Amino acid sequence: MSETLANLSSESRQFPPPEALAAAANVKAEAYEEAAADRLAFWARQAERLTWSKSWDQVLDWSNPPFAKWFVGGELNVAYNCVDRHVEAGHGDKVAIHWEGEPGDTRTITYAELLKLVSQAANTLTDLGVGAGDRVAIYLPMIPEAAVAMLACARVGATHSVVFGGFSVSALSTRIQDADAKLVITADGGYRRGKPSALKPTVDEAVAQCPSIENVLVVRRTGQDVAWTDKDKWWHETVEQASPEHKAQPFDAEHPLFILYTSGTTGKPKGILHTTGGYLTQVSYTHNAVFDLKPETDVYWCTADIGWVTGHSYIVYGPLSNGATQVMYEGTPDTPGRDRFWQIVDKYKVSILYTAPTLIRTMMKWGDDIPAGYDLSSLRVLGSVGEPINPEAWMWYRENIGRNRTPIVDTWWQTETGGVMISPLPGVTATKPGSAMTALPGITADVVDDQAQSVPNGGGGFLVLRDPWPSMLRTIWGDDKRFIDTYWSRFGAGAGTGDEWIYFAGDGAKKDEDGALWLLGRVDDVMLVSGHNISTTEVESALVSHPSVAESAVVGATDPTTGQAIVAFVIPRGNVDTEGDAGEQLNVELRNHVAKTLGPIAKPRQIMLVPELPKTRSGKIMRRLLKDVAENRSLGDVTTLQDSAVMDLISKGMNTGK
Ligand code: 6R9
């Protein structure tokens, strides 16, 4: 893809794993060879981490590609694996969730208490006529009931569809309608940025458009006034009064576990379908391997929202199947102060922290002195997910949070892949800042050219996955054709070339001289400037490598002379003066800095200094909206935007030329 730039941006820093961590690591280097020798036998061994009611007859049935069946004939219950079996093994008193509400209220939930809550919720679902095969929409803030609701669905075999709390009426109702859900589980509201933020009115409006909904189960969180309809039932008057006895019944390995909608850039949201046995196998294995989880001693914290796949796989199913103790936090990182995260790490002695580049860059912007005021010595593994992490953000994370001691695992995966696919192993890999490094044991990732040929080291192209993996999506809910068209028709058998079915991830990537993988963002975002393909990620990383820059987003805007021209939106670091001449000067300096770092072809036509960038609720930059601004168009779909005021600020700045 970006051959011109591939040779120019090179990273020579490398960090081997700490010796003590390497010596005691859950997964050692041999795992790669073992998996390569017999991939299916490797995954079968990982499946044995779980408790199956009935063992499988066949590890993988790939006779009808691209529709995979894993652990064919096997039966298990996901909730039993995440809760009951830890209690049965004598760990009932162990803390499953240290929950921290935004206003500072807390709850500590042991595995025994979690079992009680999940059993009560399962009994309530049954009472409400929800059973195996039904769909349930979950629209909740980050409260323990979110995990309980998901596990209760899994327990009775209902398929959940979690929608980010705060998504609009139309986003919620289209998801309910597409899945034909029978029940919504919601709350009166949740706390965000120091205030109660209502959820119930959105549900009321959505349900009015969704005749399939029979009941609405409402958790009381904020105590704010709510309108009441005859479909509504309070959680505390149903679930909390229900019997705590519930026997989990096993389901087929391919029983649908959840649907999660991804918005994509165009068209209606895709309902990504995940099933039971393969999904739980991979999230359990990867959570253990990638974070080197020691369930007896670690305190794990994933800062994601439950509405994102990261919340599904690495707050609920991965950690709980592994019997981990974790922190769950309701609110935003700046409430009541910008030190909230570090206060939480210090308070609970968090040892594994999993967060997103957007948050790391925000922390950079706020300044080094904030984390410096806290004891972060409990941390031993740091993770990143959601976007490419710029090398300088990676270094900042290592130095200021990891205090140069802890490995960083940059984990590449997607809603569609269900679990982590490409990542360092903390006890094995010598990491490079900004690289997700290599595919995990049992996973075959590659970078190919547009003829599906593997590119040599030093080359760039499209990221693909060559073999099916246990937690792969099984289809797009109700739309097998779109499943094939979107992921399998670009290369290989699905495209009519070759026998091999090749999964196209939609991301650009390159292999460096050592074969390490560097993710370059969505291929839809690649810019074509005077005939050269340039990735947004590389220009953004060049900008972030300047000491005055905290965060940046780059788009290609139509340009009469170069086809597309690079327009960059830049958030300066907290201490940088951007008033008047200083701003002008910084602008010139930044354009030259990119030209020097990457080559003159990558020099931005224009740089806008902005206070914020438009992001999704999972923290991804919405470049599509910035492109609308750069090309003077009215804004496209903004329903998944985290904060709608941001776009006004940016558009205003653009129009006045500031
Ligand atoms: C887990 C998640 C998937 C897209 C993916 C890619 C980007 C995620 C990344 C990364 C570079 C990483 N992405 N992790 N890019 N390095 N470590 O984010 O799922 O919300 O479906 O997004 O996110 O572009 O294709 P999802």
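Residues numbered from 1 in each chain as written. Predicted model: local features only at pLDDT ≥ 70, side-chain atom pairs only at ≥ 80, totals over all residues. Heavy atoms only, no water.

Topic: the nonpolar core
In terms of nonpolar packing, the biggest core is built from 136 residues, with Leu114 and Tyr317 touching the most fellow members. Here this core takes 10 residues from helix α7 (residues 144-156), the largest share from any one element. Among the nonpolar cores identified, the runner-up in size contains 48 residues, and Tyr329, Leu586, Val594 and Ile607 belong to it. (Core = buried A, V, L, I, M, F, W, Y, C linked by side-chain atoms within 4.5 Å. Buried < 20%, exposed > 50% of the residue type's maximum accessible area, 1.4 Å probe, protein only. Helix = DSSP H or I, 4+ residues; strand = E, 2+ residues; numbered from the N terminus.)

Focus on the packing of helix α5 (residues 78-91) against helix α12 (residues 309-321)
Put simply, α5 and α12 touch, their axes get as near as 8 Å, and they point 50 degrees apart. Judged by the inter-axis angle, α5 sits oblique to α12. As α5 packs across α12, the resulting crossing turns out to be left-handed. When α5 is examined against α12, the residues Val78, Asn81, Cys82, Arg85 and His86 are found in contact with a partner set consisting of Tyr317, Leu320 and Ser321. Across the contact of α5 with α12, the residue classes tally to four nonpolar, three polar and one charged. (Axes fitted to C-alpha atoms, helices over the stretch in contact; angles between N-to-C directions. Parallel < 35°, antiparallel > 145°, perpendicular 65-115°, else oblique. Left-handed = near helix turned anticlockwise from the far one by under 90°. Contact = heavy atoms within 4.5 Å. Nonpolar A, V, L, I, M, F, W, Y, C, P; charged D, E, K, R; others polar.)

Topic: the site of the ligand
Around the ligand lies a shell of 17 residues, among which Asp410, Thr411, Thr415, Asp507 and Lys620 are the nearest. Separating an oxygen atom of the ligand from a side-chain N or O atom of glutamine 414 is a distance of 2.9 Å. Burial of the ligand by the protein amounts to 92% of the accessible area it has alone, namely 530 Å². Secondary structure elements with two or more residues in the shell around the ligand: α12 and β25 (517-522). Taken together, the residues of the shell around the ligand break down into seven nonpolar, five polar and five charged. (Near = heavy atom within 4 Å. Polar contact = N/O pair within 3.5 Å; in protein donor to acceptor, adjacent residues only side chain to side chain. Areas by Shrake-Rupley, 256 points an atom, 1.4 Å probe, with all protein chains shown as cover.)

Considering the sheet that holds strand β8 (residues 183-187)
Spatially, β12-β11-β8-β6-β7-β14-β15-β23 is the arrangement adopted by the eight strands of the open sheet, whose pairing is mixed. In this open sheet, the two strands that pair with only one neighbour each are β12 (232-234) and β23 (475-476). Pairing analysis gives four bridges linking strand β6 (residues 135-139) to β8, with the strands arranged parallel. Of the residues in β8, the one forming a bridge with isoleucine 138 is isoleucine 185. Set on the sheet, α7 makes contact with β6, β7 (159-162), β8, β11 (215-219) and β14 (256-262); between it and β6 the angle comes to about 175 degrees. (Pairing = 2+ DSSP bridges.)

Side note on α5
Of all the bends in α5, the greatest measures close to 40 degrees and is centred on aspartate 84. Inspection of α5 places Val78, Ala79, Asn81, Cys82, Val83, Asp84, Arg85 and His86 among the buried residues, and these make up the whole buried set. In the core, the buried residues of α5 are packed alongside β3 (75-76), α6 (111-127), α7, β14, α11 (277-290) and α12. (Bend = angle between axes of the 7 residues up to and from the residue.)

Observations concerning the confidence of the model for the chain
With 97% of its residues at a pLDDT of 70 or more, the chain has an overall mean of 95. Predicted as a complex, the structure gets a pTM of 0.96 and an ipTM equal to 1.00. (pLDDT = per-residue confidence, 0-100.)

Observations concerning the pattern of salt bridges
Following the criterion strictly, the structure yields 36 salt bridges and no others. One salt bridge connects aspartate 305 with arginine 617, and the closest N-O pair in it is separated by 3.3 Å. In this pair, aspartate 305 sits in the loop between β16 (299-302) and α12 while arginine 617 sits in the loop between β30 (606-609) and α20 (623-630), placing the two residues 312 residues apart along the sequence. When sorted by exposure, aspartate 305 lands in the same class as arginine 617, which is buried. Between arginine 623 and glutamate 540 there is a salt bridge whose closest N-O contact spans 2.9 Å. In this pair, arginine 623 is assigned in helix α20 and glutamate 540 in helix α18 (residues 536-544), connecting sequence segments 83 residues apart. Comparing arginine 623 with glutamate 540 shows no difference in burial state: the two are buried. (Salt bridge = Lys/Arg side-chain N within 4 Å of Asp/Glu carboxyl O.)

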